[in-house]
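Chain by chain, the residues:
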Amino acid sequence: MIISNRPCVLDPMKIKGPALTIVNENCNACQSCMNLGCPALTWGTDTFEGRHKVKIDASLCIGCTLCAQVCTVDCIKPTSPLTSTPVTQ
Ligand code: SF4
Ligand code: SF4
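Scope of this entry: the structure provided in the associated data block. (Residues numbered from 1 in each chain as written. Chains lettered and ligands numbered in written order. Predicted model: local features only at pLDDT ≥ 70, side-chain atom pairs only at ≥ 80, totals over all residues.)

**As for the site of ligand 2**
Next, step 1: Close to ligand 2 lie 14 residues; Cys27, Cys30, Ser32, Cys33 and Cys71 are nearest.
Next, step 2: Its residues placed into classes, the shell around ligand 2 shows 10 nonpolar, 4 polar and no charged. (Near = placed C-beta within 6 Å. Nonpolar A, V, L, I, M, F, W, Y, C, P; charged D, E, K, R; others polar.)

Here it is in structure tokens:
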């Protein structure tokens, strides 16, 4: 039996927007986003100061933007629907 105190992040009825992506070169591997426990966030192969950077599995991301809100360097961005590349400001 699973007891949850919040809605499942993968609930298909809760999709909020397009998948997000991480600007890899800007990620400092602070792990703040990983503390959310989102299954779409996984460790990447690249590292920063010995820590693994993070990547987003677009097939699992529902675009809730929680990870972008906690990112310490604002390197999590929405993907462009036409190019699937990060939208930069
Ligand atoms: S926006 Fe971030 S926290 Fe939300 S589902 Fe996608 S990867 Fe997970
Ligand atoms: S919060 Fe941002 S800088 Fe920190 S690990 Fe996640 S993507 Fe990288």
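**Focus on the site of ligand 1**
Next, step 1: In the region of ligand 1, 14 residues are neighbours, and Cys38, Ala40, Cys61, Cys64 and Cys67 sit closest.
Next, step 2: Each residue belonging to the shell around ligand 1 can be placed in one class, and the counts come to 12 nonpolar, 2 polar and no charged.

**What about unusual backbone geometry?**
Next, step 1: We note that glutamate 49 has phi near 50°; this positive angle belongs to a residue other than glycine.
Next, step 2: By the secondary structure assignment, glutamate 49 is in the loop between strand E2 (41-48) and strand E3 (51-56).
Next, step 3: Under the C-beta neighbour-count criterion, glutamate 49 is labelled exposed, with 6 such atoms within 10 Å.
Next, step 4: The backbone of aspartate 74 shows a phi angle near 55°, a positive value even though the residue is not glycine.
Next, step 5: Relative to the elements of secondary structure, aspartate 74 occurs in the loop between helix H1 (66-70) and strand E4 (76-78). (Helix = DSSP H or I, 4+ residues; strand = E, 2+ residues; numbered from the N terminus. Buried ≥ 20, exposed ≤ 12 C-beta atoms within 10 Å, placed from the backbone.)

**A look at the nonpolar core**
Next, step 1: Judged by nonpolar contacts, the single largest core of 14 residues is most densely connected at Ile22, Cys33, Leu41, Ile56, Cys67 and Ile76.
Next, step 2: In contact with isoleucine 76, other than residues within four places in its own chain, are Leu20, Ile22, Cys33, Cys67, Ala68 and Cys71. (Core = buried A, V, L, I, M, F, W, Y, C linked by C-beta atoms within 7 Å. Contact = placed C-beta atoms within 7 Å.)

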